Amino acid sequence: MRVIKEFKEFISRGNVIDMAVGVIVGSAFTAIVNSLVNDIFSPVIGLLTGGMDFSSLYITLGAGENAPKLNYGAFLSAVINFLLIAVVVFLFVKLVNHLRRKKPEAPARPAEQTCPYCKSKIAIDAVRCPHCTSMLPSEHERSED
């Protein structure tokens with residue numbers, strides 16, 4: 001019974017549920033990316049290469065009917081698919097980051113100002129300097145400088 005209780009605690013943690021949702025969304029996204037690569041990009045690449053099918057390229061490593069084959073074409077196809085998938089994922093992440101980008105916040109108003117007479121640090125809303133007792137210019141007058 002204690003093992004079941006520990007398992008329930010483990011499974012109900014937020015990060016386990018987040019990970020499960022991520023795996024599910026990731027598998028759905030994989031299907032979309034694979035379709036984009038196989039159904040849209042690959043035919044365009046086939047058109048550019050004259051319809052050449054890389055996956056059928058090989059080198060025979062011996063003589064005879066049962067000689068082993070080095071299928072470098074399948075490897076080239078896998079590399080091309082990887083690069084296409086990497087480009088699609090990069091563009092998707094770039095798009096998501098662009099949509100999530102927050103506008104920069106306005107800089108915070110300073111809490112202090114410098115007395116123009118004695119150069120002491122004083123509160124921004126002070127009317128008179130507490131150090132030299134000089135009357136300070138109004139905020140309107142300070143902004144015109």
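Structural data are supplied above this passage.
Now for a quick tour of the structure. Please read these numbers as outputs of a predicted model, since none were measured by experiment. (Residues numbered from 1 in each chain as written. Predicted model: local features only at pLDDT ≥ 70, side-chain atom pairs only at ≥ 80, totals over all residues. Heavy atoms only, no water.)

1. Overview of the overall build of the protein chain
- Broken down by element type, the protein chain carries four helices and four strands.
- The linear arrangement of helices and strands in the protein chain, starting from the amino end, is α-α-β-β-α-β-β-α.
- Computed over C-alpha atoms, the radius of gyration of the protein chain comes to 34 Å, more than 25% over the 15 Å expected from 2.2 N^0.38 for 145 residues, which places it beyond the range of a compact globule.
- Excluding contacts between residues fewer than 6 apart, the proportion of contacts in the protein chain whose partners are at least 24 apart in sequence is 21%.
- Carbon and sulfur atoms make up 65% of the accessible area of the protein chain, which totals about 12,100 Å².
- Between the averaged position of the 15 positive side-chain charges in the protein chain and that of its 13 negative side-chain charges there is a distance of 5 Å. (Helix = DSSP H or I, 4+ residues; strand = E, 2+ residues; numbered from the N terminus. Rg over C-alpha atoms; globule rule 2.2 N^0.38 Å. Contact = heavy atoms within 4.5 Å. Areas by Shrake-Rupley, 256 points an atom, 1.4 Å probe, with all protein chains shown as cover. Lys, Arg positive; Asp, Glu negative; His and termini not counted. Charge placed at Lys NZ, Arg CZ, Asp CG, Glu CD.)

2. With respect to helix H3 (residues 72-100)
- Spanning 29 residues, H3 covers 42 Å between terminal C-alpha atoms, matching the ideal 42 Å at 1.5 Å per step.
- Among the residues of H3, those classed as buried are Gly 73, Ser 77, Leu 84 and Val 88. (Expected span 1.5 Å × (residues − 1). Buried < 20%, exposed > 50% of the residue type's maximum accessible area, 1.4 Å probe, protein only.)

3. A short note on the pattern of salt bridges
- Under the defined criterion, the tally for this structure stands at one salt bridge.
- Of the charged contacts, one joins Glu 6 and Arg 2 as a salt bridge, the two residues approaching to 3.4 Å between their closest N and O atoms. Here Glu 6 pairs with Arg 2, and both are found in helix H1 (residues 2-11), just four residues apart, close to one helical turn.
- Since its relative accessible area comes to 66%, Arg 2 is described here as exposed. (Salt bridge = Lys/Arg side-chain N within 4 Å of Asp/Glu carboxyl O.)

4. Examining the nonpolar core
- Formed by Cys 115, Ile 122, Ala 126, Cys 129 and Leu 136, the largest nonpolar core amounts to five residues.
- Beyond its immediate chain neighbours, meaning those up to four positions away, Ile 122 contacts Ala 111, Glu 112, Gln 113, Cys 115, Cys 129, Pro 130, His 131 and Leu 136. (Core = buried A, V, L, I, M, F, W, Y, C linked by side-chain atoms within 4.5 Å.)

5. Considerations on unusual backbone geometry
- Phi is positive for Lys 119, close to 65 degrees, though the residue is something other than glycine.
- Look at Lys 119 and you get exposed, because its relative accessible area is 58%.
- Despite not being glycine, Thr 133 has its phi angle at roughly 60 degrees, a positive value.
- Here Thr 133 falls in the partly exposed class, since its relative accessible area comes to 48%.

6. Some details on the side chain of Ser 77
- Residue placement: Ser 77 occurs in helix H3.
- When residues no more than four places from it in sequence are discounted, the contact partners of Ser 77 are Phe 54 and Ser 55.

7. A short note on the packing of aromatic side chains
- Enumeration according to the criterion identifies one aromatic pair in this entry.
- For the ring pair Phe 29 and Phe 92, a centre distance of 4.7 Å and an interplane angle of 40 degrees mean the geometry is tilted. Taken together, the residues span a long stretch of sequence, with Phe 29 in helix H2 (residues 14-48) and Phe 92 in helix H3 at a distance of 63 residues.
- Looking at Phe 29, the relative accessible area reads 24%, which means it is partly exposed.
- Of the residues examined, Phe 92 reaches a relative accessible area of 39% and is grouped as partly exposed.
- Note that Lys 69 overlies the ring of Tyr 58, its terminal NZ or CZ placed 4.6 Å from the centroid. (Phe/Tyr/Trp six-rings, centres within 6.5 Å; stacked < 30°, edge-to-face > 60°. Lys NZ or Arg CZ within 6 Å of the ring centre and 35° of its normal.)

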